[in-house]
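# Descriptive structure summary
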Amino acid sequence: MNNITPQNQHHSTDKLKNKVSELAAAFLTVDEASEGQRVDNFLTKTLKGVPKSHVYRILRSGEVRVNKKRIDADFRLTIGDVVRVPPIRATIVEHVESNVPAVSKFENTIIFEDDAMLVIDKPAGFAVHGGSGVSRGVIEQMRLERPKAKFLELVHRLDRETSGVLMLAKKRSALVALHEAIRNNQTDKRYLMLVRGEWLEAKKRVVLDLQKYLLPNGERRVNVVTDISKDKYNERQSSETMFKLLKNFSHPVLGKFSLLEAQLVTGRTHQLRVQLAHLGFQIVGDDKYGDFAVNKSLVKSGLKRMFLHSSVTKIRHPLTNDKLELVAPLPPDLSKFLVKLES
């Protein structure tokens, strides 16, 4: 039997230092940040440095208990549940609570906010989260700007060079509901993009199989699977978009361009960029799938980024079920370039 002192009991996960140890079992009280989370994911997040295999071993053995009862790995936690964690060596990262917010980068970009969600108009050039040479993304920055927020998570992703509507959840229940809405195609997401060439169809439905792959340097890319026999591991995913022609441009020097609106039916990685490149209408400024010579010439004309913008998202509020229409206007640099094409 382990001797458990009263101060070892009922501590929330944001004050874990010295609570999980090799010497005694710890008792962690579930707070709002972990509400609705599976117990295996809760433990993986809490026990930094502990292999997943060990997490599942202590779950199978019954050493982890919730409210003194044995549970399975897929058990979902509720606020106030007390999770018993057996003696274990873990690296606990202490979240030092600061009342001083970081210098604001995104406070002026907020489109909508309430107790459940936060929606910003993400500027181009910002990754949504850190990694791949980016020390701090939008989500890390927003957490620094709001040190008292108990819960803040990305609902979905936007590519680094894509601007526009980006949703964040402020409650786990909101995150779960929004993910379910996205999975069940209960969102209406519209993007604006400028492509090279003259697009002639007023409306066009595009359905293509896409497959992810990695470049030798580890960068992620996506291609269209035209020959199913080459998809040895059955990894392709169907992608679907409804495209609508908004305007054609014919500039005497720069050439022909088309402004399109896309309604996403599926939300695959790089979906719009890859579909359009496959059709021969690359998004201008796209540094992965675009026409590099064209991109270079357009930089001199003032277009220094990819012309892809998440303009409107229509969705039901995750908790109240009210209809929301989240709108991000076309950024000034993109609007200015369209004016140039008209001149």
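Provided above is the structure to which this section pertains.
Procedures and definitions
Residues numbered from 1 in each chain as written. Predicted model: local features only at pLDDT ≥ 70, side-chain atom pairs only at ≥ 80, totals over all residues. Heavy atoms only, no water. Core = buried A, V, L, I, M, F, W, Y, C linked by side-chain atoms within 4.5 Å. Buried < 20%, exposed > 50% of the residue type's maximum accessible area, 1.4 Å probe, protein only. Helix = DSSP H or I, 4+ residues; strand = E, 2+ residues; numbered from the N terminus. Arc of directions from axis to C-beta. Contact = heavy atoms within 4.5 Å. Polar contact = N/O pair within 3.5 Å; in protein donor to acceptor, adjacent residues only side chain to side chain. Axes fitted to C-alpha atoms, helices over the stretch in contact; angles between N-to-C directions. Parallel < 35°, antiparallel > 145°, perpendicular 65-115°, else oblique. Left-handed = near helix turned anticlockwise from the far one by under 90°. Nonpolar A, V, L, I, M, F, W, Y, C, P; charged D, E, K, R; others polar. Pairing = 2+ DSSP bridges. Phe/Tyr/Trp six-rings, centres within 6.5 Å; stacked < 30°, edge-to-face > 60°.

## Remarks on the nonpolar core
Counting 33 residues, the largest nonpolar core has Leu166, Leu168, Tyr191, Met193, Phe243, Leu272 and Leu276 as the members making the most contacts within it. The set of elements that each furnish at least two residues to this core consists of β7 (117-122), α3 (138-145), β9 (163-169), β10 (188-196), β11 (203-214), β12 (220-224), β14 (255-264) and α5 (271-278). Membership of the second largest hydrophobic core comes to 19 residues, among which are Phe42, Leu43, Val55 and Ile88.

## Comments concerning helix α7 (residues 332-342)
One turn of an α-helix holds 3.6 residues; hence residues three or four places apart share an orientation. Those residues of α7 that fall on the buried side of the exposure criterion are Leu334, Phe337, Leu338 and Leu341. What you see down the axis of α7 is that its buried residues fit within an arc of 100 degrees, all on one side. Residues Pro332, Lys336 and Val339 are exposed on α7 and point more than 90 degrees away from its buried face. On its buried side, α7 packs onto β10, β13 (237-251), β14, α6 (292-299) and β15 (308-316).

## Some points on the environment of Pro252
Tracing the backbone through its elements, the reader meets Pro252 in the loop between β13 and β14. Overall, the relative accessible area of 73% leaves Pro252 in the exposed class. Linking Pro252 and Glu342, residues 90 residues apart in sequence, is a C-alpha distance of 10.0 Å.

## Here's the deal with α6
Among the residues of α6, Val294, Asn295 and Leu298 are the ones counted as buried. Down the axis of α6, the smallest arc covering the buried residues is 100 degrees, so these residues share one side. Across α6 from its buried face, at more than 90 degrees, point the exposed residues Phe292, Ala293 and Lys296. Contact partners of the buried residues in α6: β10, β14 and α7. Two or three places before Ala293, at the opening of α6, Asp291 has a side-chain oxygen 3.2 Å from that residue's backbone nitrogen.

## Things to note about the packing of helix α1 (residues 39-46) against helix α2 (residues 52-60)
Here α1 crosses α2 at 130 degrees, and the two axes come no closer than 10 Å. Of the possible angle classes, the one that applies to α1 and α2 is oblique. Judged by the twist between their axes, the crossing of α1 over α2 is right-handed. Contacts between α1 and α2 involve Val39, Asp40, Leu43 and Thr44 from the former and Lys52, Val55, Tyr56 and Leu59 from the latter. Here the residues of the contact of α1 with α2 sort into five nonpolar, one polar and two charged.

## Notes on the pairing of β11
Note: β11 against β13, eight bridges, orientation antiparallel. Of the residues in β13, the one forming a bridge with Val206 is Thr241. Relative to β12, β11 is paired through five bridges, and the arrangement is antiparallel. When the bridges of β12 are listed, Tyr213 appears paired with Arg221. Hairpin remark: β11 followed by β12, antiparallel, with five residues in the connecting loop; positive phi at Gly218, about 90 degrees.

## Digging into the pairing of β9
In terms of burial, β9 is largely enclosed, as seven of its seven residues are buried. Relative to β9, β7 runs antiparallel, the two sharing six bridges. Bridging from a neighbouring strand, Ile120 pairs with Leu166 of β9. By the bridge criterion, two bridges tie strand β8 (residues 153-154) to β9 in an arrangement that is antiparallel. Looking across to β9, one finds that Leu154 is bridged to Leu168. The sheet contact formed by β9 and β15 spans two bridges and is parallel. Paired with Ser163 across the two strands is His309, which belongs to β15.

## Here's the deal with the side chain of Thr241
Relative to the helices and strands, Thr241 is located in strand β13. Within the structure, the side chain of Thr241 is placed 2.7 Å from the side chain of Gln271, a separation counted as a polar contact. Setting aside residues no more than four positions away along its own chain, Thr241 makes contact with Lys204, Arg205, Val206, Ala262, Gln263, Leu264, Val265, Gln271, Leu272 and Gln275.

## Re the packing of aromatic side chains
Geometry of an aromatic ring pair is reported as the spacing of the ring centres plus the angle between the planes. Here the structure, examined in full by the defined rule, presents four aromatic pairs. Aromatic pair Trp199 and Phe243: ring centres 5.6 Å apart, planes at 55 degrees, arrangement tilted. Here Trp199, found in the loop between β10 and β11, pairs with Phe243, found in strand β13; they are 44 residues apart in sequence, far enough to count as distant. For the pair shown, Trp199 and Phe243 are each scored as buried. Three or more aromatic residues joined by ring pairs make a cluster, and in this case those are Trp199, Phe243 and Phe281.

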